[in-house]
Amino acid sequence: MAETERTALGPLVGAIDQGTSSSRFLVFNAKTAELLSHHQIELSQKTPKEGWMEQDPKEILQSVYECVEKTCEKMKQLNINISNIKAIGVTNQRETTVVWDKTTGEPLYNAIVWLDMRTQSTVEHLLKRIPGKNKLFSKFKTGLPLSTYFSAVKLRWLLDNVEEIKKAVDDGRAMFGTIDSWLIWVLTGGKNGGIHCTDVTNASRTMLFNIHSLEWDTELCQFFDIPMEILPKVRSSSEIYGLMVSFLVFESGALTGVPISGCLGDQSAALVGQMCFKDGQAKNTYGTGCFLLCNTGQKSVFSEHGLLTTIAYKLGRDKPVCYALEGSVAIAGNVVRWLRDNLGILKTSQEIEKLAAEAGTSYGCYFVPAFSGLYAPYWEPSARGIICGLTSFTNKNHIAFAALEAVCFQTREILDAMNKDYGIPLSQLQVDGGMTNNKILMQLQSDILCIPVVKPSMPETTALGAAMAAGAAEGVGVWSLNPGDMTAVTCERFEPQINPEESEFRYARWKKAVMKSMGWETSEAPSSNGKPK
């Protein structure tokens, strides 16, 4: 009976979830949203110089191939027919910038990751051209401040510094894209007719896209001196972009001809996966960074408190575009990776929960992980990471606890900003992402926010959002987005367990530490490339 049930599951939808730390492929039941199988591969992050962060686009692609192949193998072992996969969605780390050669299909440089800081001098150079050096000069077109974070300045740096890219642009061979564009182009044929596209959510993170007209902005492309012919075509988040082509890596020929029909930047995908379809619904994702998004419906709300205005989703060619307010924190899960890889005080990322539990408190130690400057609500590129309040009593357990607290304090800062901008305080926080498996983090988050934290029992909401968009696309139609048809999600709930006075005291101390982290770095400092003179 069980075997028959596995083979008669009905339509399935796959999701490629390409993040900063890892790639995954996941397969969902389109009727029940149950996760049936998945595979995950951790990715390397290259830091060739201080403040630089790159990834190899071919390694990213290879990891996606491998995840697809391994997931399909697991499904066969579970007696699930992979020919029932009717569509594939793509969700990705946003802003990360790739330029490739459309005639050879080869990347022309490593992908410059969203966290990369090399463009600080590019930003300062561009600021000099803006009256009053106003970082918010394009706020009402793009919703974004001028920052190293967004794709336009990364692309400008590549055009200024990489001879191969300059030549490819001159020869008409260059294509630009965020990771979604690179993957979709290759998976739909690459140099043999691959589709060069992106969706509105990813386009809205480039700083070249007008979030109202939903088009590349001619004036901004002129300001950044970006040739418009290298940009991908912008599509909705839910439509058939193209069909998967056959690959030698898929020995089984699995998924050939399956439509790729969903595309959302990872934070938008998580908003969809958490079913935040109503105005005022919000979610916080704890991944490499931390991202709080609040759906503002068909109305774009502009922040007075350091948040971004971004496109939440457009779930079909003829469907309305919905907007979100976003608070972006650069370093969340990456602080754990740093403690593991750089300091060696953890053997595995999971071990932080055990160390923090042994400490039970940070013992007055505060950690501001401003490794890439501070994002929302400060947008302060001069900040750098600090650990303060150390005494001879402080040990690695206290630092581990302080690192988890830092993630929670940063979330509190962006939640405070969101409550001021949106005017309706959140009564609870919906959460997702890899770090939410850490129960100490979740309890700390509730204590520091003084509101309940609600975590779905299936944490892969980012991939789920991409699968929903793909399955609901016109021409696929296997996933219903009607609220009445959606399965109720079971959740775990964390309630505040400390009194608000203690929470406020710790938050005030954190704010003091943040102030001490600012103004640390200037681009005028003599460069030694990290080597002693």
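Conventions and cut-offs
- Residues numbered from 1 in each chain as written.
- Predicted model: local features only at pLDDT ≥ 70, side-chain atom pairs only at ≥ 80, totals over all residues.
- Heavy atoms only, no water.
- Salt bridge = Lys/Arg side-chain N within 4 Å of Asp/Glu carboxyl O.
- Helix = DSSP H or I, 4+ residues; strand = E, 2+ residues; numbered from the N terminus.
- Buried < 20%, exposed > 50% of the residue type's maximum accessible area, 1.4 Å probe, protein only.
- UniProt positions renumbered as here; feature names shortened; annotations may be inferred.
- Phe/Tyr/Trp six-rings, centres within 6.5 Å; stacked < 30°, edge-to-face > 60°.
- Lys NZ or Arg CZ within 6 Å of the ring centre and 35° of its normal.

The next subject is the pattern of salt bridges. Taken as a whole and judged by the stated rule, the model has 32 salt bridges. One salt bridge connects Lys58 with Glu106, and the closest N-O pair in it is separated by 2.7 Å. In this pair, Lys58 is assigned in helix H2 (residues 57-77) and Glu106 in the loop between strand E6 (97-101) and strand E7 (111-112), connecting sequence segments 48 residues apart. A relative accessible area of 40% places Lys58 in the partly exposed class. Here Glu106 falls in the partly exposed class, since its relative accessible area comes to 36%. Linking Asp341 and Arg337 is a salt bridge whose minimum nitrogen-to-oxygen distance equals 3.7 Å. One end of the pair, Asp341, and the other, Arg337, are both in helix H11 (residues 333-341), four residues apart, so they sit about a helical turn from each other. For Asp341, a relative accessible area of 44% gives the class partly exposed. Look at Arg337 and you get buried, because its relative accessible area is 12%.

This next bit is on the UniProt feature "domain: Carbohydrate kinase FGGY C-terminal" (unreviewed entry) in the protein. When the UniProt feature table is mapped onto this chain numbering, "domain: Carbohydrate kinase FGGY C-terminal" (unreviewed entry) sits at residues 283-473. Across residues 283-473, helical content stands at 35% and strand content at 21%; the span's end C-alpha atoms are separated by 24 Å.

Take the packing of aromatic side chains next. In this description, a pair of aromatic rings is defined by centroid distance and the angle of the planes. Counted under the stated rule, the structure contains 25 aromatic pairs. Ring centres of Tyr149 and Trp379 lie 6.0 Å apart, and the angle between their planes is 25°; this geometry places the pair in the stacked category. Of this pair, Tyr149 sits in the loop between helix H4 (139-142) and helix H5 (151-161) while Trp379 sits in the loop between strand E19 (366-368) and strand E20 (386-388); the two residues are 230 residues apart in sequence, bridging distant segments of the chain. Centre to centre, the rings of Phe409 and Tyr507 are 6.4 Å apart; their planes meet at 20°, and the pair counts as stacked. Highlighted residues: Phe409 in helix H13 (residues 396-422) and Tyr507 in helix H16 (residues 500-517), separated in sequence by 98 residues. The burial state of Phe409 is the same as that of Tyr507; both residues are buried. Among the aromatic residues, ring-to-ring pairing joins Trp114, Tyr149, Phe150, Phe291, Tyr375 and Trp379 into one connected group. Positioned above the aromatic ring of Phe291 is the side chain of Arg94, whose terminal nitrogen or guanidinium carbon lies 5.3 Å from the ring centre. The ring of Trp52 has Arg118 sitting right over it, with the charged end atom 3.8 Å from the ring centre.

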